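The lines below spell out each chain.
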Amino acid sequence: SNREWLEDHKVGKPIYIDGQSELLANILKRTFLWGGSEMLWLNYIAIPILAGFDPKMGQGRVFSYDVAGMVNERPDYVAVGSGQVKAETLLDERWNPIFSLEEAQKLAIYAITRASSDIHTSPPVLAPPTVFHASKDGVGMLDEKEALEISWDIFYKDAERRGVSRFPDTMPTGIKESK
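Residues numbered from 1 in each chain as written. Predicted model: local features only at pLDDT ≥ 70, side-chain atom pairs only at ≥ 80, totals over all residues. Heavy atoms only, no water.

Draft legend 1. Geometry of the overall build of the protein chain. Looking only at helices and strands, the protein chain features six helices and five strands. Traced from its N-terminal end to its C-terminal end, the protein chain shows the element sequence α-α-β-β-β-α-α-β-β-α-α. Residues classed as buried in the protein chain amount to 28% of the 179 residues present. Counted over contacts in the protein chain with a minimum sequence separation of 6, partners at least 24 positions apart contribute 41%. Summing over all exposed atoms, the protein chain offers an accessible surface of approximately 12,500 Å²; the carbon and sulfur share of this is 55%. (Helix = DSSP H or I, 4+ residues; strand = E, 2+ residues; numbered from the N terminus. Buried < 20%, exposed > 50% of the residue type's maximum accessible area, 1.4 Å probe, protein only. Contact = heavy atoms within 4.5 Å. Areas by Shrake-Rupley, 256 points an atom, 1.4 Å probe, with all protein chains shown as cover.)

Right under this line is the structure:
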């Protein structure tokens, strides 16, 4: 029985997403107990999202956390931060589990754009939003140039809908001319 336990707990054995989630929750709990109130007061808080593919279940899993390490699992998507309510409302209305990767990435950028529209943060047209995806083939990231182009496309469509004709001079070269 000791040999079986050692095999199950062998160093170098892969930690699947459920174990990674538990590990991250424990790190957050210990960090919060160690100096959480000071970190909150100083605004040194990051709220992580963990997503990955679970080979045992044959599907993706998404976890969000609070500052004290409480974990919440969602079956599809999650948003955190100051624009969370607005982003999740939009995702709740528009998310479809049969989206292609491209459709899901565009919706994610749209949700980021909407979430930042009225909370006095930098809009995702100034810097490319970071969009990751996870599948049984691994983790990938949307190309920054493509993410920025999608952001600007959303910006232009919104401006056109509102009747705005003036655009900032800080727009990336090539995007302004191509619209």
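Let us keep going from here.
Draft legend 2. Fine view of a negative patch on the surface. Taken together, the side chains of Glu102, Glu103, Asp143, Glu144 and Glu146 define an acidic patch exposed on the protein surface. For the negative patch, the elements supplying multiple residues, two or more each, are helix H4 (101-115) and helix H5 (144-162). Tracing the backbone shows Glu103 in helix H4. (Patch = residues over 30% accessible without salt bridge, like charges linked within 9 Å, V, L, I, M, F, W, Y side chains within 5 Å. Salt bridge = Lys/Arg side-chain N within 4 Å of Asp/Glu carboxyl O. Lys, Arg positive; Asp, Glu negative; His and termini not counted. Charge placed at Lys NZ, Arg CZ, Asp CG, Glu CD.)

Draft legend 3. Up close: the nonpolar core. Membership of the largest hydrophobic core comes to 15 residues, with the highest contact counts inside it found for Ile109 and Leu142. Within the residue set of this core, elements represented by two or more residues are helix H3 (84-94), H4 and H5. Of all the elements, H4 adds the most residues to this core, at five residues. With residues up to four places along the chain from it excluded, the contact list for Leu142 reads Gln105, Ile109, Val131, Ala147 and Ile150. Counting six residues, the second largest nonpolar core, distinct from the first, contains Ala25, Leu50, Phe63 and Tyr65. (Core = buried A, V, L, I, M, F, W, Y, C linked by side-chain atoms within 4.5 Å.)

Draft legend 4. Local environment of H4. Compared with the 21 Å implied by 1.5 Å per residue over 15 residues, the 21 Å span of H4 between its first and last C-alpha is a close match. For H4, the complete set of buried residues consists of Gln105, Leu107, Ile109, Tyr110, Ala111, Thr113, Arg114 and Ala115. Looking at the buried side of H4, the elements it contacts are H3, strand S4 (132-135) and H5. (Expected span 1.5 Å × (residues − 1).)

Draft legend 5. Region of interest: the pairing of strand S5 (residues 138-141). In the sheet, S4 pairs with S5 via four bridges, with the strands oriented antiparallel. Residue pairing across strands places His133 opposite Gly140, the latter belonging to S5. Hairpin connection between S4 and S5: a loop of two residues separates the two successive antiparallel strands. (Pairing = 2+ DSSP bridges.)

Draft legend 6. The pattern of salt bridges, seen in detail. Considering all chains together, one arrives at 10 salt bridges under this definition. For Asp158, the salt bridge identified is with Arg114, shortest N-O distance 2.5 Å. Of the two residues, Asp158 sits in helix H5 while Arg114 sits in helix H4, which places them 44 residues apart along the sequence. Owing to a relative accessible area of 9%, Asp158 belongs among the buried residues under this scheme.

Draft legend 7. Region of interest: the packing of aromatic side chains. In total, this model carries five aromatic pairs according to the counting rule given. An angle of 85° between the planes, with centres 5.6 Å apart, marks the rings of Trp95 and Phe99 as edge-to-face. Judged by relative accessible area, which is 27%, Phe99 ranks as partly exposed. With a centroid separation of 5.0 Å and 80° between ring planes, the pair formed by Trp152 and Phe155 is classed as edge-to-face. Residue Trp152 and its partner Phe155 are both found in helix H5; the two are separated by three residues, about one turn of the helix. Given a relative accessible area of 24%, Phe155 falls into the partly exposed group. An aromatic cluster of three or more residues is present, and its members are Tyr77, Trp95 and Phe99. Positioned over the ring face of Tyr77 is Arg74, at 4.7 Å from the centre of the ring. (Phe/Tyr/Trp six-rings, centres within 6.5 Å; stacked < 30°, edge-to-face > 60°. Lys NZ or Arg CZ within 6 Å of the ring centre and 35° of its normal.)

The analysis is restricted to geometry; functional conclusions fall outside its scope.
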